[in-house]
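Chain by chain, the residues:
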Amino acid sequence: MRPPTTLTALLRARPAVRRVAPAFARPSSSAPHQETFESFTERYVQFFQQAQDLFEVQRGLNNCFAHDLVPAPSVIEAALRAARRVDDYATAVRVFEGVREKVENKQQYQAYLDELKGVREELGIDTREELYSP
């Protein structure tokens, strides 16, 4: 075995490097942020009012319906108007399918239909039940 060179001896003598978290890392919060229903509603109404293409509308619907709540009628109205603005009738019909899946019972679904009847008539949107009834 060869005797260690001065370079090898110096490399072995270096102090161990300590890893430190970067200064730009945010400290984590102990409690998750809880969004109020009103701010949720306002955020999605604004989102749908600004959506300019089908991808944005469908992405917004996906995100909106992923939450553990039923969106307010104002959010549903904004989503319907956005779907018709991007000229996608099928997505407008599917908005009501999403509402039907999110509500707890048929009475709540009927309440949404009644509340949004004027918008449905204005935009010419039928529900799936109306489209496929014998």
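Residues numbered from 1 in each chain as written. Predicted model: local features only at pLDDT ≥ 70, side-chain atom pairs only at ≥ 80, totals over all residues. Heavy atoms only, no water.

In the annotation of an unreviewed UniProt entry, the entry for the chain reads COX5A-domain-containing protein, and the organism field reads Thelephora ganbajun.

Our next topic: unusual backbone geometry. Glycine aside, a negative phi is what most residues show, and trans is what most peptide bonds show. Notably, Asp-87 is not glycine yet its phi reads approximately 60 degrees, a positive angle. Here Asp-87 shows up in the loop between helix 4 (73-85) and helix 5 (89-102). Relative accessible area serves as the criterion here: at 64%, Asp-87 is assigned to the exposed category. (Helix = DSSP H or I, 4+ residues; strand = E, 2+ residues; numbered from the N terminus. Buried < 20%, exposed > 50% of the residue type's maximum accessible area, 1.4 Å probe, protein only.)

Glancing now at the pattern of salt bridges. Within the structure shown, the criterion is met by six salt bridges. Note that Glu-129 is salt-bridged to Arg-100, the shortest N-O span being 2.5 Å. One end of the pair, Glu-129, is in helix 8 (residues 128-131); the other, Arg-100, is in helix 5, and 29 residues separate them in sequence. Overall, Glu-129 belongs to the partly exposed group, its relative accessible area being 35%. With a relative accessible area of 27%, Arg-100 lands in the partly exposed category. A network of salt bridges, in which partner residues are shared, links Glu-77, Arg-81 and Glu-122. (Salt bridge = Lys/Arg side-chain N within 4 Å of Asp/Glu carboxyl O.)

To continue, consider the packing of helix 2 (residues 37-50) against helix 3 (residues 54-66). Two elements in contact, helix 2 and helix 3, have axes separated by 9 Å at closest approach and are oriented at 165 degrees. By the angle between their directions, the pair helix 2 and helix 3 is classed as roughly antiparallel. The crossing of helix 2 and helix 3 is left-handed. Residues Phe-40, Tyr-44, Phe-47, Phe-48 and Gln-50 of helix 2 form the contact with helix 3, whose participating residues are Glu-56, Val-57, Arg-59, Gly-60, Leu-61, Asn-63 and Cys-64. Among the residues making up the contact of helix 2 with helix 3, the classes are represented as seven nonpolar, three polar and two charged. (Axes fitted to C-alpha atoms, helices over the stretch in contact; angles between N-to-C directions. Parallel < 35°, antiparallel > 145°, perpendicular 65-115°, else oblique. Left-handed = near helix turned anticlockwise from the far one by under 90°. Contact = heavy atoms within 4.5 Å. Nonpolar A, V, L, I, M, F, W, Y, C, P; charged D, E, K, R; others polar.)

Turning our eyes to something else, we now look at the nonpolar core. The biggest cluster of nonpolar side chains holds 29 residues, and the ones touching the most others in it are Phe-48, Leu-61, Ile-76, Leu-80, Phe-96, Val-99 and Ile-125. For this core, the elements supplying multiple residues, two or more each, are helix 2, helix 3, helix 4, helix 5, helix 6 (106-115) and helix 7 (117-123). Ignoring anything within four residues of it in the chain, the contact list for Leu-80 reads Ala-92, Val-95, Phe-96, Val-119, Leu-123 and Ile-125. (Core = buried A, V, L, I, M, F, W, Y, C linked by side-chain atoms within 4.5 Å.)

Looking now at the packing of helix 3 against helix 5. One can describe the packing of helix 3 onto helix 5 by two numbers: an axis separation of 11 Å at closest approach and a directional angle of 5 degrees. Judged by the angle between their axes, helix 3 and helix 5 are roughly parallel. Across from Leu-54, Val-57, Gln-58, Leu-61 and Phe-65 in helix 3, the residues of helix 5 making contact are Thr-91, Val-95, Gly-98, Val-99 and Lys-102. A breakdown of the residues in the contact of helix 3 with helix 5 according to their chemical character gives six nonpolar, three polar and one charged.

Moving on, we come to helix 2. Since one α-helical turn is 3.6 residues long, residues separated by three or four positions face the same way. Relative to the 20 Å expected for 14 residues at 1.5 Å per residue, helix 2 spans 20 Å between its end C-alpha atoms, a close match to the ideal helical length. Listing the buried residues of helix 2 in full gives Phe-40, Thr-41, Tyr-44, Val-45 and Phe-48. The arc enclosing the buried residues of helix 2, seen along the axis, measures out at 125 degrees, which places them on a common side. Turned more than 90 degrees from where helix 2 packs its buried face, Glu-38, Gln-49 and Gln-50 sit exposed. (Expected span 1.5 Å × (residues − 1). Arc of directions from axis to C-beta.)

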